[in-house]
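What follows is the residue order along each chain.
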Amino acid sequence: MILVFNAGSSSLKAGVFDTGLSRLIAGQISGIGGTGKLALGAHSATVTTADHAHAIDLLLAELERQGFPISGCDAAAHRVVHGGEHLKAARLIDEDTLRIIRSCTPLAPLHIPSALAGIEALSRRAPNLPQSASFDTAFHAGQSDLATSYALPAAIRARGIRRFGFHGLSYTGLVESFGSALPKRLLAIHLGAGASLCAVRDGKSVATSMGYSPISGPPMGTRAGDIDAAAVLRLAAEDGIAATETLLNRQSGLLGLSGISADRKSTRLNSSHVRTSRMPSSA
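Residues numbered from 1 in each chain as written. Predicted model: local features only at pLDDT ≥ 70, side-chain atom pairs only at ≥ 80, totals over all residues. Heavy atoms only, no water.

**Remarks on helix 2 (residues 95-103)**
1) Next: Those residues of helix 2 that fall on the buried side of the exposure criterion are Thr 97, Leu 98, Ile 100 and Ile 101. Projected onto a plane normal to the axis of helix 2, the buried residues spread over an arc of 165° and lie on a single side. Of the exposed residues in helix 2, the ones pointing more than 90 degrees away from its buried face are Glu 95 and Arg 99.
2) Next: Elements that come into contact with the buried residues of helix 2 comprise strand 6 (75-80), strand 7 (91-92), helix 3 (112-125) and strand 8 (131-135).
3) Next: Residue Asp 94 occupies the N-cap position of helix 2, its side-chain oxygen lying 3.2 Å from the main-chain nitrogen of Asp 96. (Buried < 20%, exposed > 50% of the residue type's maximum accessible area, 1.4 Å probe, protein only. Helix = DSSP H or I, 4+ residues; strand = E, 2+ residues; numbered from the N terminus. Arc of directions from axis to C-beta. Contact = heavy atoms within 4.5 Å. Polar contact = N/O pair within 3.5 Å; in protein donor to acceptor, adjacent residues only side chain to side chain.)

Rendered as structure tokens:
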């Protein structure tokens, strides 16, 4: 059996597959860091979790209860949002891989820490279990310099300031699902809490709306999407870099526009320059 994890900023999805990649069971824990829901197979329960490591412990315990113990797994696989400039294909996880993934944390601060927590928690529980990582950036790694380069001096671009693109595993699955019916040119759209568009030619990514980080592109659940750099500089000068990062990643997008979180509850944002209240139901 193969155990697969997809760690989000406040959720953890898991599945068990046989060696033919047929799914045997799947589920998730939501609301990590507080009270949320564990749903696995036909089982559902309200749970309180401290962090992703705790969530993994609960999921593994429930998997074992339902007949899928970790001792019966041959390998584990993790979705990792960012592979940076060096991790361009799925890779077995060793110390060098972990070092590179950690270095990508500033590029995807909502997701990399969660993925690392899952990898490290599983390593403690099953130190001899082989683990691999698949990267959302890998699908876009073959794009041309024209598509990935910002109009910046060479010395700045050499520091890794470039477009990477994300949601690559989603686009890979979509492209593969077409089989021989794949059109030569395809405009693919990934819609969820994060959103992006990707131009695909002959099954390869040639351009995508996300860039250096998952913030860019259309407005998303809590991410601002494209915003003029001068506006970001002003916010950083007035409110500080940390507050601006939180604003753009966690307090903007559809939440920022409406003041209503994904679970439809009223939300008051913790920012000196943002105040929201519940909108009328007709909105």
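**Quick look at the nonpolar core**
1) Next: Within the largest apolar cluster, 26 residues are counted, with the highest numbers of intra-cluster contacts made by Leu 3, Phe 5, Leu 12, Leu 60, Leu 63 and Leu 122.
2) Next: For this core, the elements supplying multiple residues, two or more each, are strand 1 (2-7), strand 2 (11-17), strand 3 (23-30), strand 4 (35-40), helix 1 (52-65) and helix 3.
3) Next: Setting aside anything within four residues of it in sequence, one finds Phe 5 in contact with Leu 12, Lys 13, Ala 14, Ile 56, Leu 59, Leu 60, Ala 77, His 78, Arg 79 and Leu 122.
4) Next: Listed in part, the 21 residues of the second largest apolar core include Leu 87, Ala 115, Phe 166 and Met 220. (Core = buried A, V, L, I, M, F, W, Y, C linked by side-chain atoms within 4.5 Å.)

**Brief notes about the pairing of strand 3**
1) Next: Where strand 2 and strand 3 come together, 7 bridges link them in antiparallel fashion. The partner of Phe 17 across the bridge, within strand 3, is Arg 23.
2) Next: The turn linking strand 3 back onto strand 4 is made up of 4 residues, and Gly 31 within it adopts a positive phi angle of 65°. (Pairing = 2+ DSSP bridges.)

**Some thoughts on the packing of helix 7 (residues 229-239) against helix 8 (residues 241-250)**
1) Next: Viewed as axis vectors pointing N to C, helix 7 and helix 8 meet at an angle of 130°, and their least axial separation amounts to 7 Å. In terms of their interaxial angle, helix 7 and helix 8 are classed as oblique. Where helix 7 crosses over helix 8, the handedness of that crossing is right-handed. Side by side, helix 7 and helix 8 meet where Val 232, Leu 235, Ala 236 and Asp 239 of the first sit next to Ile 241, Ala 243, Thr 244, Leu 247 and Leu 248 of the second. (Axes fitted to C-alpha atoms, helices over the stretch in contact; angles between N-to-C directions. Parallel < 35°, antiparallel > 145°, perpendicular 65-115°, else oblique. Left-handed = near helix turned anticlockwise from the far one by under 90°.)

**Overview of the packing of aromatic side chains**
Geometrically, a pair of aromatic rings is defined through the distance of the ring centres and the angle of the planes.
1) Next: Enumeration over the complete set of coordinates arrives at 2 aromatic pairs.
2) Next: Both rings, one in Phe 164 and one in Tyr 212, keep their centres 6.3 Å apart while their planes meet at 45°; by these two values the pair is tilted. Remark: Tyr 212 occurs in the loop between strand 11 (204-208) and helix 7 and Phe 164 occurs in the loop between helix 5 (154-157) and helix 6 (168-178); sequence separation between them is 48 residues.
3) Next: Classification of Phe 164 as buried rests on a relative accessible area of 4%.
4) Next: A relative accessible area of 29% places Tyr 212 in the partly exposed class. (Phe/Tyr/Trp six-rings, centres within 6.5 Å; stacked < 30°, edge-to-face > 60°.)

**Comments concerning the pairing of strand 10 (residues 195-201)**
1) Next: Where strand 9 (residues 185-191) lies against strand 10, 7 bridges are found, and the strand directions are antiparallel. Following the sheet pairing, His 190 is matched in strand 10 by Ser 196.
2) Next: Connecting strand 9 to the antiparallel partner strand 10 that follows it, the hairpin turn spans 3 residues.
3) Next: In this sheet, strand 11 lies alongside strand 10 in antiparallel orientation, the contact comprising 4 bridges. Each residue of the ladder has a partner; that of Ala 199, found in strand 11, is Ala 207.
4) Next: Adjacent in sequence and paired antiparallel, strand 10 and strand 11 are bridged by 2 residues, among which Asp 202 carries a positive phi angle near 55°.

**Things to note about the sheet that holds strand 9**
1) Next: Taken in spatial order, the 3 strands make up an open sheet running 9-10-11, and their pairing is antiparallel. Unpaired on one side and paired on the other, strand 9 and strand 11 mark the two borders of the sheet. Each strand of the sheet is rotated relative to its neighbour by a mean of 30°, with strand direction disregarded.
2) Next: Sitting on the sheet, helix 6 touches strand 9 and strand 10, and the angle it makes with strand 9 is about 135°.

**Topic: unusual backbone geometry**
1) Next: Here Leu 21, not a glycine, exhibits a phi torsion of approximately 65°, which is positive.
2) Next: Within the element layout of this structure, Leu 21 appears in the loop between strand 2 and strand 3.
3) Next: Exposure remark for Leu 21: the relative accessible area of 62% places this residue in the exposed category.
4) Next: Located in the positive-phi region is His 167, a residue other than glycine, with phi close to 60°.

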